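A look at the structure
Below, each chain spelled out in residue letters.
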Amino acid sequence: MPGPEAEKDKKDFRPQIPMKTEGFFLRGSASLDWGMSNRLSRIFNPKSGRTVMLAFDHGYIMGPTTGLERMDLDILPLEPHIDVLMCTRGALRSCIPATTSKPVCLRLSAGATILRELSMEMVGDIDEAVRLNAAAVAVQCYVGEPGEHATLSNLVRTVDAGNRVGMPTMGVTAVGKEMARDARYLGLATRVLAELGAHFIKTYFCEPGFEDVVAGCPVPIVIAGGKKIPELEALKMARRAVGQGACGVDMGRNIFCAEDPVAMAQAVRAVVHENEKPEKAFDLYQTLKGEAKGKKKR
Ligand code: 5RP
């Protein structure tokens, strides 16, 4: 008869239960390594498959743009209401406490300002993204602009470096001043970036044809907000984008330049994660804005 020692060593392999082989929730992302998938699961909510990224990297080309004069004061109140902080290393180190639990999408491309040719960028080192515990890096690409070759090379080099350490790359389709943001151009640019290895793409919403842009791009797309428009219009744009297949937003000015940025972040969140109708999300925005005003008066 086996004694208590033998009982302790008895193993239970449960052979009757087959081991599950799960797929991955993001489009075009089923063949990635564990670290890469884990980082992408911090960027995109595995339940909704979507994300609300807050873009506040504008200063890297524009200096202290409206709404971002004081990143320490302007961004921190928004942090609880968004999923991802998208910014430069300078903003991160100087203004965002390292105690944050929010994932960071670190802008890695830089080197130009609005005073000169914007498409002349280079890229920083992937080690810096690892050091900053980033969940992804962002590289701007100027398809059809003077810096096309340089910026697409930046993307290829960053994807190669990121693949070595499990860091996803967000390719950003930057649009030059003179260029149309139509489905033909955005379809071309997003597809090029995906084929060069970007793990997800940031682009602009366009009408008509955004659905086709999404369908022709084999990896997830998030939309930039673009220049400030009325809050209800921005919520409608976000709704149309996710309705046509975008996996969320990487929105800046339409959040931090809103009359009440904290309320706007929550309204955008309702649209993106809860499929809220834009009008309802706008009601939420108005209510939260009213409550905030009420609190200030007291
Ligand atoms: C510029 C960027 C910016 O981060 C982003 O597009 C700005 O966001 P928004 O347009 O919503 O203000 O990547 O190409």
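Before any of the text, the structure's been laid out above.
Heads up: these notes are all about the structure in this document. (Residues numbered from 1 in each chain as written. Predicted model: local features only at pLDDT ≥ 70, side-chain atom pairs only at ≥ 80, totals over all residues. Heavy atoms only, no water.)

1. A short note on the layout of surface pockets
Test applied: Grid points spaced at 1 Å over the protein atoms alone were grouped into cavities, where a 1.4 Å probe fits but cannot get out, and pockets, open sets with protein on both sides within 12 Å along at least five of seven lines, with lining residues defined by an atom within 4 Å of a point. Grid points are joined across faces, edges and corners, and a volume is the space filled by probe spheres set on the points. Only DSSP runs of H or I with at least four residues qualify as helices, and only runs of E with at least two residues qualify as strands; both kinds are numbered from the N terminus onward. Residue type decides the class: Asp, Glu, Lys and Arg count as charged, Ala, Val, Leu, Ile, Met, Phe, Trp, Tyr, Cys and Pro as nonpolar, and the leftover types, Gly among them, as polar.
Of the voids in this model, the largest pocket is the one considered here, and its volume is about 810 Å³. Lining the largest pocket are 34 residues, with Ile-61, Val-175, Arg-181, Tyr-204 and Arg-253 sitting closest to its centre. For the lining of the largest pocket, the secondary-structure elements that each account for two or more residues are α3 (59-62), β7 (169-173), β8 (200-203) and β10 (248-251). Here the element with the most residues in the lining of the largest pocket is α3; it accounts for three residues. Of the pockets and cavities examined, the second largest pocket occupies roughly 210 Å³. Lining the second largest pocket are 13 residues, with Ala-98, Thr-100, Val-104, Leu-132 and Asn-133 positioned closest to its centre. Among the residues making up the lining of the second largest pocket, the classes are represented as seven nonpolar, three polar and three charged.

2. Remarks on the sheet that holds strand β1 (residues 51-55)
How we decide: Strands pair, by our definition, only if DSSP identifies at least two bridges between them. To obtain an axis, a line is fitted to C-alpha atoms, over the contacting stretch when the element is a helix, and the angle between two such axes runs from 0 to 180 degrees between their N-to-C directions. Note on definitions: a residue-residue contact is assigned when non-hydrogen atoms from the two residues lie within 4.5 Å.
Ordered in space as β1-β2-β3-β6-β7-β8-β9-β10, the eight strands form a closed barrel in which the pairing is parallel. Here the average twist between neighbouring strands, direction ignored, is 25°. Relative to β7, strand β6 (residues 136-141) runs parallel, the two sharing five bridges. Bridge pairing links Ala-138 to Met-170 in β7. The strands touched by helix α7 (residues 148-165) are β6 and β7; relative to β6, the strand with the most contacts, the crossing angle is about 160°. In the packing of helix α8 (residues 183-195) onto the sheet, contacts are made with β6, β7, β8 and β9 (221-224), and the angle to β7 comes to roughly 155°.

3. Some remarks on the site of the ligand
For clarity, the cut-off: Only a single heavy atom is needed: when it lies within 4 Å of a molecule or strand, its residue is near that molecule or strand. Polar contacts, as used here, are pairs of N or O atoms within 3.5 Å; protein pairs need one atom able to donate a hydrogen and one able to accept it. Residues neighboring in sequence count only if both atoms are side-chain atoms. In these tables, accessible area is a Shrake-Rupley quantity obtained with a 1.4 Å probe, and a residue counts as shielded only by the protein chains included in the view. To be counted as sitting in a cavity or pocket, a molecule needs more than half of its atoms within 2 Å of that site's grid points.
Surrounding the ligand, one finds 15 residues, the nearest of these being Asp-57, His-58, Gln-140, Gly-252 and Arg-253. A distance of 2.3 Å separates an oxygen atom of the ligand from a polar atom in the side chain of Asp-57. At a separation of 3.1 Å, an oxygen atom of the ligand approaches a polar side-chain atom of Arg-107. Out of a free accessible area of 370 Å², the ligand has 94% covered by protein chains. Here the ligand is seated within the largest pocket. Among the residues forming the shell around the ligand, the class breakdown is five nonpolar, five polar and five charged.

4. Some remarks on the packing of aromatic side chains
The line we're drawing: What counts as a ring pair is set by centres within 6.5 Å for rings of Phe, Tyr and Trp (its six-membered ring), and what kind of pair is set by the plane angle: stacked under 30 degrees, edge-to-face over 60, tilted for all other angles. Buried means the residue's accessible area, taken with a 1.4 Å probe over protein chains only, is under 20% of the maximum for its type, while exposed means over 50%, and partly exposed covers the values in between. Two conditions define a charge sitting above a ring: the NZ of Lys or the CZ of Arg must be within 6 Å of the ring centre, and it must be within 35 degrees of the ring normal.
The full count for this structure, using the stated rule, is four aromatic pairs. An angle of 50° between the planes, with centres 4.8 Å apart, marks the rings of Phe-24 and Phe-25 as tilted. The class for Phe-25 is partly exposed, based on a relative accessible area of 31%. For the pair Phe-44 and Phe-200, a centre-to-centre distance of 5.2 Å together with 85° between the ring planes defines the contact as edge-to-face. Highlighted residues: Phe-44 in the loop between α2 (34-43) and β1 and Phe-200 in strand β8, separated in sequence by 156 residues. Given a relative accessible area of 0%, Phe-44 falls into the buried group. Between the NZ or CZ atom of Arg-181 and the centre of the ring of Tyr-204, over which it lies, the distance is 3.9 Å.

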